Amino acid sequence: MEYYVDTAEIDKIKKIINWLPLDGVTMNPSLVAKSNRKVFETLSELLALTKGAVHVQVMGQDRDNIIKEADKLSSLNKDRIYVKIPVSKEGLAAIKDIDTDKVNVTATAVFTVSQAITASKAGAKYVAPYFSRVNKIEQSGLILIKDIQFSLNNYNYDTKVLAASVKNAYDVKELYKLGVDAITVPPEIYEQAHQHSLTAQAIEIFNEDWLRVFEDLNIDSDFQV
Ligand code: G3P
């Protein structure tokens, strides 16, 4: 299971890498706009700050401009940059013609099994289905992801499934149970999924019990290594 944080806000990324075994960062144009910062500035800072992959979306609307932007983004770090390309016809045309041995591609805004299979056949290393946006239209994001995984396995494609648009801790749990390859989740949802008041309460009780006998909250202040 790979963990990605879905944000372009460096401060939030700095906080989360302190405690979460993060594999990388994803962002989309809405998230970049929300950060109110130029994308290349954010990318250079992120590549220096983190060790993992950075999935970043092109803004070109036609095949040629998508390919041009993909080359430009990938040139920042060929191994760590994954260029997100929405699976429109122009997007699929670009994925088909990009040398995907040299430029890592993540096919994004995936809503059907057919889009995922075609993007994978064209060379995408990840496909990103939008989990909760599918739920919003009375379909099951979970079933879509399960069907994509099953279909990719049928063809032995090694494209990974990156579940995106994850909205709460319940979604995260369901995606774990499904065994999805990767999830991208906003920082606050990672917090929700990993914090529990009973954990805090258990620690409090341990501390109180300890302090009834010992002076401070150290395992053994007299112990010398
Ligand atoms: O990064 C793409 C995806 O996470 C979009 O999520 O929350 O806008 O549906 P959302």
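Before any of the text, the structure's been laid out above.
Keep in mind it's a predicted model, so treat the numbers as computed, not measured.

Conventions and cut-offs
- Residues numbered from 1 in each chain as written.
- Predicted model: local features only at pLDDT ≥ 70, side-chain atom pairs only at ≥ 80, totals over all residues.
- Heavy atoms only, no water.
- Helix = DSSP H or I, 4+ residues; strand = E, 2+ residues; numbered from the N terminus.
- Buried < 20%, exposed > 50% of the residue type's maximum accessible area, 1.4 Å probe, protein only.
- Contact = heavy atoms within 4.5 Å.
- Areas by Shrake-Rupley, 256 points an atom, 1.4 Å probe, with all protein chains shown as cover.
- Lys, Arg positive; Asp, Glu negative; His and termini not counted.
- Charge placed at Lys NZ, Arg CZ, Asp CG, Glu CD.
- Axes fitted to C-alpha atoms, helices over the stretch in contact; angles between N-to-C directions.
- Parallel < 35°, antiparallel > 145°, perpendicular 65-115°, else oblique.
- Nonpolar A, V, L, I, M, F, W, Y, C, P; charged D, E, K, R; others polar.

J.: Residue-level account of the overall build of the chain, with values.
T.: What the chain contains, in helices and strands, is 11 helices and eight strands. Expressed as lengths along the three principal axes of its C-alpha atoms, the size of the chain is roughly 70 × 40 × 35 Å. Of all 225 residues assigned to the chain, the portion counted as buried reaches 43%. Looking at the chain alone, contacts between residues at least 24 apart form 56% of all its contacts between residues at least 6 apart. Within the structure as shown, the chain displays about 12800 Å² of accessible surface, and the carbon and sulfur contribution to it stands at 52%. Here the chain contributes 26 positively and 31 negatively charged side chains, and the mean placements of these two sets differ by 8 Å.

J.: Explain the packing of helix 9 (residues 169-178) against helix 10 (residues 187-194) to me, and be specific about the residues and the numbers.
T.: Look at helix 9 against helix 10: their axes get within 8 Å of each other, and the N-to-C directions meet at 75°. It follows from the interaxial angle that helix 9 and helix 10 lie roughly perpendicular. Each of Ala169, Val172 and Tyr176 in helix 9 lies in contact with helix 10, whose residues at this interface are Ile189, Gln192, Ala193 and His194. Here the contact of helix 9 with helix 10 is built from residues that sort into five nonpolar, two polar and no charged.

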